[in-house]
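# Structural characterization, general
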Amino acid sequence: MEIHLPDVPVMEIFSYLDAFSLLQAAQVNKSWNLAATSDSLWRKLCKKRWLCYDLSLDTLGAQTWKEYFLRKTRQEHSMSRAKPEDFIYKEIGTRSWAHSYYLSGSGLTYNGQGKSIVCVVTSMTRLTTWDIREGAMTWVSPIQPTCIMRLATLPELRLAITVDMEATIKVWNCYDKDALATNSMFASCQILKAVLTKDGPIVLAGDDSGNLHTFRIPDLHLISRVHAIEFAINQLHCSPQRKWVYLNKKHPHVWPKVYLMKSLLRPSEYPTPVCTTINYTLSFKAFWTPRREDRITLLSQRGPRQVSKFVTFDIELERTEDGIDAKVASFTLPSDVKAPEWMGVSDKDVIVCSSGTSLLVYNMKGFQLQRLQDYPAEIMRLLVDPLHVIVTYIDGSLEVYMWEESSPYLKKCYHLQNPRHMGRQSMLPKTLCDNVSIIRVVTKGPNCCFLMAYVLKVCS
């Protein structure tokens, strides 16, 4: 016997279900199938998991939100379940890789032949794009009048943003010869970040005088300019759903500031931007908790022994005189633990950090959950996202871990050995990851750089 419920209660009930439960409900009968495949339900799930905002399905390359959710999830599982033999190794060498970021949305097609496009500053005065699977350059900009100092990309819109030595900011679509728009910051840019917000795409730029510039994309209209701190801004992190902007510089006289994003984007509504000062100095790493909008964890090292301390703040918008209230929890690492250089946080309020050859996992109270030492080499860098932790070792090899869904622990996925043993790297490698490839950018001196990529063969 079929079960019939009014449409409104069914949709209300289904709005509390996860993806797996919606797929099960769709098997009950035709009316439930129609309700469980509603675009509004699947769009909500996509927005919660990947922060898609108001992107169109055409932009995302899908016909329905359910299709996009299932495809994206399949891509993530393919990367997590892969084996070393499932990857193709690609290498591109050049004289200089000043900056590099993904330009593509990094999605696999149904036959598994997706593309990873990387945007790179080469020779300091040219912007180029590369198809990683083919190992081929796909576009090059005209030579710029001065050196390109900063690069940011917005993969969802396939746009790149550059700032040169003369503080000229430009937006590129990376297929036309000339930039789409140009503006000036009038001060040297220290950090650049392009993000999608509920008010549209923007780029945030911190300068050497402590000012934060907010530009609209793609026309580079200056929305707002605020004086944030008294020194150059070199830390800028947006919260997962772009509610907050964290700004800082590691300095004994600088306290980090957190701005309410919409107060930067709507100056007519907020003549004075809403912000709070975090009363904690010398933090050199910061990480917002994934899928949780108001929690940020800072890492500091103090004193001659570089005592490491993690401090976690909950940022709350309160209708008080101060506007925003911050609540704190913290712990100090044991003295026998080597000072970590890299850290990240999972959505289960778990902190992961590197210490020598070990990967350490702690809860927010400082209890050590795991000590992973799967490879006998010094850890050079961590890449932490809501799904994975990718460890780069000093010999260039990679270890890929995945956060377990039902517990706060990491599980090992696979190890990718470096086919070209390059010895100790002269500069810290940069690691990028999407659902198709894992890329390392390694500098071996002023005239020797390599882009090394492991590309998935197929999507299973």
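These notes cover the structure that comes with them. All of these numbers come straight from a predicted model, not from anything done at the bench.

All right, on to the overall build of the protein chain then. A count of helical and extended segments in the protein chain gives seven helices and 32 strands. Buried residues in the protein chain amount to 54% of all 460 residues. Once local pairs closer than 6 in sequence are excluded, the contacts in the protein chain between residues at least 24 apart make up 45%. Carbon and sulfur atoms provide 52% of the accessible area of the protein chain, an area that totals close to 21100 Å².

Let's shift gears to unusual backbone geometry. The bulk of non-glycine residues show a negative phi, and the bulk of peptide bonds are trans. For the bond running from Ile 217 to Pro 218, omega is 15°, close enough to zero to count as cis. Of note in the backbone geometry, Arg 158 takes a positive phi value of approximately 55° without being a glycine. By the element assignment, Arg 158 lies in the loop between β6 (148–154) and β7 (159–164). Its relative accessible area of 42% is what places Arg 158 among the partly exposed residues. Unusually for a residue other than glycine, Arg 242 sits at a positive phi of about 60°. Within the secondary structure, Arg 242 sits in the loop between β14 (235–238) and β15 (244–248). Given a relative accessible area of 24%, Arg 242 falls into the partly exposed group.

Of all hydrophobic cores here, the largest spans 33 residues; its most connected members are Leu 359, Val 389 and Leu 410. For this core, the secondary-structure elements that each account for two or more residues are β18 (283–288), β22 (343–345), β23 (350–355), β24 (358–363), β26 (379–384), β27 (388–393) and β28 (398–403). Discounting chain neighbours no more than four positions away, the residues touching Val 389 are Val 352, Leu 359, Leu 382, Leu 383, Val 384, Glu 399, Val 400, Tyr 401, Trp 403 and Leu 410.

Here four strands make up an open sheet; going across it, the order is β10-β11-β12-β13 and the pairing antiparallel. Pairing within the sheet leaves two strands with one partner each, and these edge strands are β10 (189–197) and β13 (222–227). The mean inter-strand angle of the sheet, taken between neighbouring strand axes irrespective of direction, is 15°.

Let us now look at the sheet that holds strand β17 (residues 275–277). In spatial order, the strands read β14-β15-β16-β17; together these four strands make up an open sheet with antiparallel pairing. A strand with exactly one partner marks an edge of an open sheet, and here the two such strands are β14 and β17. Sheet twist, expressed as the mean angle between neighbouring strand axes with direction ignored, is 15°. Direction of pairing for β15 relative to strand β16 (residues 257–260): antiparallel, over a ladder of four bridges. Counterpart to Leu 247 in the pairing with β16 is Lys 257.

Calculation rules
Residues numbered from 1 in each chain as written. Predicted model: local features only at pLDDT ≥ 70, side-chain atom pairs only at ≥ 80, totals over all residues. Heavy atoms only, no water. Helix = DSSP H or I, 4+ residues; strand = E, 2+ residues; numbered from the N terminus. Buried < 20%, exposed > 50% of the residue type's maximum accessible area, 1.4 Å probe, protein only. Contact = heavy atoms within 4.5 Å. Areas by Shrake-Rupley, 256 points an atom, 1.4 Å probe, with all protein chains shown as cover. Core = buried A, V, L, I, M, F, W, Y, C linked by side-chain atoms within 4.5 Å. Pairing = 2+ DSSP bridges. Axes fitted to C-alpha atoms, helices over the stretch in contact; angles between N-to-C directions.

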